[in-house]
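Structural overview for review
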Amino acid sequence: MRVLITCGATWTPIDDVRVISNVSSGEMGHLIAKSFSLSGAQVTIIEGPVTHRLIDKKIKIIKYRFFDELAGILKKELHKKYDIIIHAAAVSDFR
């Protein structure tokens, strides 16, 4: 089984040095990813800015910071075959 999970905060820039964000830690997505991995699933996680790193060699991690980066990565990943997709990321509603 192939699983795709998004997690963490998203940043939306308002100028060259400031962003609007949220305080999502990414922990819920990490716990879901670990659970699927332990059950034998092939897990890919698309991870925004998080408070703790996920360290698991069996889980593929794709990093993003900004909302537009997340959107672009998702567009590419959705062309691949996943059995389950879970959106645990705290996507900015400002955008």
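You'll find the structure just up there.
1. Brief notes about the packing of aromatic side chains
Throughout the structure, instances matching the rule amount to one aromatic pair. Consider the rings of W11 and F66, whose centres lie 5.8 Å apart with planes at 75 degrees: the pair is edge-to-face. You can see W11 sitting in the loop between strand 1 (2-7) and strand 2 (12-13) and its partner F66 sitting in the loop between strand 5 (60-63) and helix 2 (67-77), a full 55 residues away along the chain.

2. Remarks on helix 2
Buried residues of helix 2: L70, I73, L74 and E77, and no others. Buried positions in helix 2, seen along its axis, are confined to an arc of 100 degrees and lie on one side of it. Seen from the buried face of helix 2, the exposed residues on the opposite side, beyond 90 degrees, are K75 and K76.

3. Thoughts on the pairing of strand 1
Side-chain direction in a regular strand flips from residue to residue, so the side chains alternate between the two faces of the sheet. Most of strand 1 is tucked away: five of the six residues are buried. As defined by bridge partners, strand 1 adjoins strand 6 (residues 84-87) across four bridges and the pair is classed as parallel. What sits directly across from L4, in strand 6, is I85.

4. Structural notes on the pattern of salt bridges
Enumeration according to the criterion identifies three salt bridges in this entry. Between R18 and D15 there is a salt bridge whose closest N-O contact spans 2.4 Å. As a salt-bridge pair, E77 and K80 come within 2.9 Å of each other at their nearest N and O atoms.

The rules we used
- Residues numbered from 1 in each chain as written.
- Predicted model: local features only at pLDDT ≥ 70, side-chain atom pairs only at ≥ 80, totals over all residues.
- Heavy atoms only, no water.
- Phe/Tyr/Trp six-rings, centres within 6.5 Å; stacked < 30°, edge-to-face > 60°.
- Helix = DSSP H or I, 4+ residues; strand = E, 2+ residues; numbered from the N terminus.
- Buried < 20%, exposed > 50% of the residue type's maximum accessible area, 1.4 Å probe, protein only.
- Arc of directions from axis to C-beta.
- Pairing = 2+ DSSP bridges.
- Salt bridge = Lys/Arg side-chain N within 4 Å of Asp/Glu carboxyl O.

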